[in-house]
Amino acid sequence: MKPVNVGLLGLGTVGGGTVNVLKRNAEEIARRAGRGIVITHAAARDISKARICDTTGITLTTDPREVVDNQDIDVVVELIGGDGLAKEMVVRAIENGKHVVTANKALIARHGNQIFAQAQKKGVMVAFEAAVAGGIPIIKAIREGLAANRIEWLAGIINGTGNFILTEMRDKGRDFADVLAEAQKLGYAEADPTYDVEGIDAAHKLTILAAIAFGIPLQFDKVYTEGITRITREDVAYAEQLGYRIKHLGVARRTAAGIELRVHPTLIPARRLIANVDGVMNSVLVKGDAVGPTLYYGAGAGAEPTASAVVADLVDVVRTLTSDPNNRVPHLAFQPDALHDIPILPMAQVETAYYLRLQAQDKPGVLADVTRILGDLDISIEAVIQKEPSEQDSSVAVIMLTRRVREEKMNQAIAHIEALAAISAPVMRMRMESLK
Ligand code: NDP
Ligand code: HSE
């Protein structure tokens, strides 16, 4: 049978990896898909640049429109990134009746509702496995493998760059900026790395995971997002002393009042498997009512791990080319007319346990004042440690773990604590999850 012609937009980290994997495994991939899959055209900004892949036999252009409008191309793979040109090209490809594969989580999280509706109308597929957790087939696992379940919650380390930074800081005492520069060099980081370290990239991915887990529309603007830039080496060490690891987690949880959608640094018991996921690896824990907890693990970024997901999507698209568009797996797991508009909970209503680090004057009565504030608000303390006075100003670090409490109460408590004359710096707060 005639091979399927693919047009590639972007020849960077993921685009280059995709060319390499498709070429190296061409024969096996054709045996799986039932047809050959060949990249015939590709677009990049600079077509004379040295690449990680061999582009022999691929017609190169600097104009992605030439690829998207080419009548011989069956599937467009968008690996440019962002939601400017990439969105224009994806919309145009769908309009031209082409199937689309993308690794672009920003595009799907922010414009997926519109893109999927357009694709539905045109009878084409938009596949996006590579958009979440790199090489881990988490979209397929939740959308298809767990289709029998009512998903109760999921929690994941879903940004490779952030996890790489936290691991290197903890294990080797390396500097934040230095590790970030290395992640950029290795091709893990986003074009704008603040997306990685401020949690925006993880929020994009969590938006997608929550939609396919709970059957709700994509709602990126409702995700509570906190990055990893405020975490100090001291916090990492204190957490370890208390038996916890700090991980940058995305959490989506169904509660009676609505859905929690949040990305923030989180203390997790060190004995949990997910607490031991290090470096660029990602992991997602999904709790279904029938299956119980399930855990998925693999490389979260990088050329070939991500290409693995892109090529798997290509195989999926090729296998379903001749199937009835109304009988394909729905883009967001649930039938488009069966999505529910369950409210997303404001952060003030979310309940978690807390890690608090206070910088207090080393004098009698301060700890009593702090515990009184917490007690008055019914916040129970689970553990307290007080460190040696610092040499500079004789203040001491006090670390407290609390039991579960609503965020709005903790906000009140922190405001009162920070108002005490003996508290010399803003309170560092991190949420804790037992992930039981
Ligand atoms: P890169 O920056 O490495 O590659 C982007 C590619 O797009 C480059 O080849 C670039 O051309 C091309 N490009 C940019 N602008 C234009 C333009 N105006 N016209 C034509 N080509 C253009 O990005 P990545 O490969 O890292 O990321 C691609 C996508 O994959 C993003 O959405 C990212 O979020 C996602 N992703 C990335 C992962 C990773 O590990 N890197 C993992 C999972 C998803 P040129 O090379 O000439 O500059
Ligand atoms: N910048 C992203 C990360 C790429 O580090 O996880 C994979 O989505």
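Predicted model, so just to flag it, every value in this text is computed and none were measured.

Visitor: Sorry, what's going on with the side chain of asparagine 159 here?
Guide: Positionally, asparagine 159 belongs in the loop between β7 (151-157) and α7 (160-172). Note on asparagine 159: relative accessible area 5%, which makes it buried. Of the polar contacts made by the side chain of asparagine 159, one reaches the backbone nitrogen of glycine 162; its length is 2.7 Å. In terms of polar contacts, asparagine 159 uses its side chain to reach the side chain of aspartate 201, at 2.7 Å. Sequence-distant contacts of asparagine 159, that is, excluding residues within four places in its chain, are made with Asp196, Asp201, Ala202, Lys205 and Asn282.

Visitor: When you look at the site of ligand 1 in this model, what are you seeing that I'm missing?
Guide: Residues in contact with ligand 1 amount to 25 residues; listed here are only the nearest, Leu11, Arg51, Gly187, Glu190 and Gly302. Here an oxygen atom of ligand 1 and a backbone polar atom of leucine 11 are 2.8 Å apart. Between ligand 1 and lysine 49 there is a distance of 3.1 Å, counted from an oxygen atom to a side-chain nitrogen or oxygen. Considering ligand 1 on its own, with 900 Å² of exposed area, one finds that the protein chains cover 86% of that surface. Given that more than half its atoms are within 2 Å of the pocket grid, ligand 1 belongs to the largest pocket.

Visitor: Any chance you could explain the site of ligand 2 here in plain terms?
Guide: The local shell around ligand 2 consists of Lys105, Asn159, Gly160, Thr161, Tyr188, Ala189, Glu190, Asp196, Asp201, Lys205, Gly300 and Ala301. Lysine 105 places a side-chain nitrogen or oxygen 2.5 Å from an oxygen atom of ligand 2. For ligand 2, a nitrogen atom lies 2.7 Å from a polar atom in the side chain of glutamate 190. Compared with its free state, where it exposes 250 Å², ligand 2 has 94% of that area covered by protein. In a pocket analysis with a 2 Å cut-off to the grid points, ligand 2 is assigned to the largest pocket. Looking at the shell around ligand 2, the elements with two or more residues in it are α7 and α10 (200-214).

Visitor: In this structure, what is going on with the nonpolar core? I would like to understand it.
Guide: Buried together is how nonpolar side chains tend to be arranged in soluble globular proteins. Ile138, Ile208 and Val286 are the most contacted members of the largest nonpolar core, which has 55 residues in total. Going through the elements one at a time, α3 (64-68), α4 (85-95), α5 (105-122), α6 (138-145), β7, α10, β10 (259-269) and β11 (281-288) are the ones with two or more residues in this core. Counting residues per element, this core draws most heavily on α10, at 10 residues. Taken domain by domain, the makeup of this core includes at least three residues from each of domain 1 (4-135 + 303-338) and domain 2 (138-299). Not counting residues up to four positions away in its chain, the partners in contact with valine 286 are Ile138, Ile142, Leu146, Ile151, Trp153, Leu154, Gly292, Pro293, Thr294 and Tyr296.

Visitor: Which parts of the structure should I look at to understand helix α11 (residues 233-241)?
Guide: For α11, the full list of buried residues reads Asp235, Val236, Tyr238 and Ala239. Taken end-on, α11 shows its buried residues confined to a sector of 165°, consistent with a single buried face. Where α11 is buried, its residues touch α7, β9 (244-254), β10, β13 (351-361), β15 (395-402) and β17 (428-432). Positive phi appears at glycine 243, one or two residues downstream of α11, with a value of about 90°.

Visitor: For this particular structure, what's the right way to read the side chain of asparagine 70?
Guide: Along the chain, the position of asparagine 70 falls in the loop between α3 and β4 (75-78). Among the residues examined, asparagine 70 registers a relative accessible area of 17% and is labelled buried. Setting aside chain neighbours within four positions, we find asparagine 70 in contact with His41 and Lys98.

Visitor: I tried to follow the pairing of β9 on my own but got confused; where do I start?
Guide: For β9, a buried count of 10 out of 11 residues is recorded, marking the element as mostly surrounded by other parts of the structure. Of the strand pairs in this sheet, β9 and β10 are connected by 11 bridges, and their pairing is antiparallel. Looking at the pairing, alanine 252 lines up with leucine 261 of β10. Adjacent in sequence and paired antiparallel, β9 and β10 are bridged by four residues, among which glycine 258 carries a positive phi angle near 155°.

Visitor: Please clarify how the sheet that holds strand β1 (residues 4-9) should be interpreted in this entry.
Guide: Two orientations exist for strands paired in a sheet by backbone hydrogen bonds: parallel and antiparallel. Taken in spatial order, the six strands of this open sheet run β3-β2-β1-β4-β5-β6, and their pairing is parallel. Since the sheet does not close on itself, it has two edges, and those belong to β3 (59-61) and β6 (126-127), each with one partner. By the bridge criterion, four bridges tie β1 to β4 in an arrangement that is parallel. Bridge assignment links valine 6 to a residue of β4, and that residue is valine 75. Taken strand by strand, helix α12 (residues 303-319) contacts β1, β2 (37-43), β4, β5 (99-102) and β6, and its axis lies near 160° from that of β5.

Visitor: Looking at this structure, how should I read the packing of aromatic side chains?
Guide: When we look at a pair of aromatic rings, we describe it by the centre distance and by the angle of the planes. This structure, assessed with the given rule, holds two aromatic pairs. Arranged with centres 5.4 Å apart and planes meeting at 35°, the rings of phenylalanine 116 and phenylalanine 128 form a pair that is tilted. Of this pair, phenylalanine 116 sits in helix α5 while phenylalanine 128 sits in the loop between β6 and α6, and the two are 12 residues apart along the sequence. When the ring of phenylalanine 164 is compared with that of tyrosine 188, the centres are 5.7 Å apart and the planes differ by 85°; the resulting orientation is edge-to-face. Residue phenylalanine 164 is found in helix α7, and its partner tyrosine 188 is found in the loop between α8 (176-185) and α9 (194-197); the two are separated by 24 residues along the sequence.

Visitor: Explain the pattern of salt bridges here, please?
Guide: Oppositely charged side chains can pair when the atoms bearing their charge come close. Throughout the structure, instances matching the rule amount to 38 salt bridges. For the salt bridge of glutamate 408 with arginine 406, the shortest nitrogen-to-oxygen distance reads 3.0 Å. We classify glutamate 408 as partly exposed; its relative accessible area is 37%. Sharing partners across several salt bridges, the network here consists of Arg170, Asp171, Glu240, Arg245, Lys247 and Asp278.

Visitor: Looking at this structure, I do not really get empty space enclosed by the protein. What am I missing?
Guide: Remark: the empty space left among the atoms is shown by a probe the size of a water molecule rolled over them. A full pass over the atoms with the stated rule returns one cavity of 30 Å³ or more. Within this model, the largest cavity holds a volume of roughly 40 Å³. In terms of lining residues, the largest cavity is bounded by Leu166, Arg170, Val236, Glu240 and Ile246.

What counts and what doesn't
- Residues numbered from 1 in each chain as written.
- Chains lettered and ligands numbered in written order.
- Predicted model: local features only at pLDDT ≥ 70, side-chain atom pairs only at ≥ 80, totals over all residues.
- Heavy atoms only, no water.
- Helix = DSSP H or I, 4+ residues; strand = E, 2+ residues; numbered from the N terminus.
- Buried < 20%, exposed > 50% of the residue type's maximum accessible area, 1.4 Å probe, protein only.
- Polar contact = N/O pair within 3.5 Å; in protein donor to acceptor, adjacent residues only side chain to side chain.
- Contact = heavy atoms within 4.5 Å.
- Near = heavy atom within 4 Å.
- Areas by Shrake-Rupley, 256 points an atom, 1.4 Å probe, with all protein chains shown as cover.
- 1 Å grid on protein atoms, 1.4 Å probe; cavity = no way out; pocket = protein on both sides within 12 Å on 5 of 7 lines; lining within 4 Å.
- Sits in = over half its atoms within 2 Å of the grid points.
- Core = buried A, V, L, I, M, F, W, Y, C linked by side-chain atoms within 4.5 Å.
- Domains from an automatic or database assignment.
- Arc of directions from axis to C-beta.
- Pairing = 2+ DSSP bridges.
- Axes fitted to C-alpha atoms, helices over the stretch in contact; angles between N-to-C directions.
- Phe/Tyr/Trp six-rings, centres within 6.5 Å; stacked < 30°, edge-to-face > 60°.
- Salt bridge = Lys/Arg side-chain N within 4 Å of Asp/Glu carboxyl O.
- Points joined across faces, edges and corners; volume = space filled by probe spheres on them.

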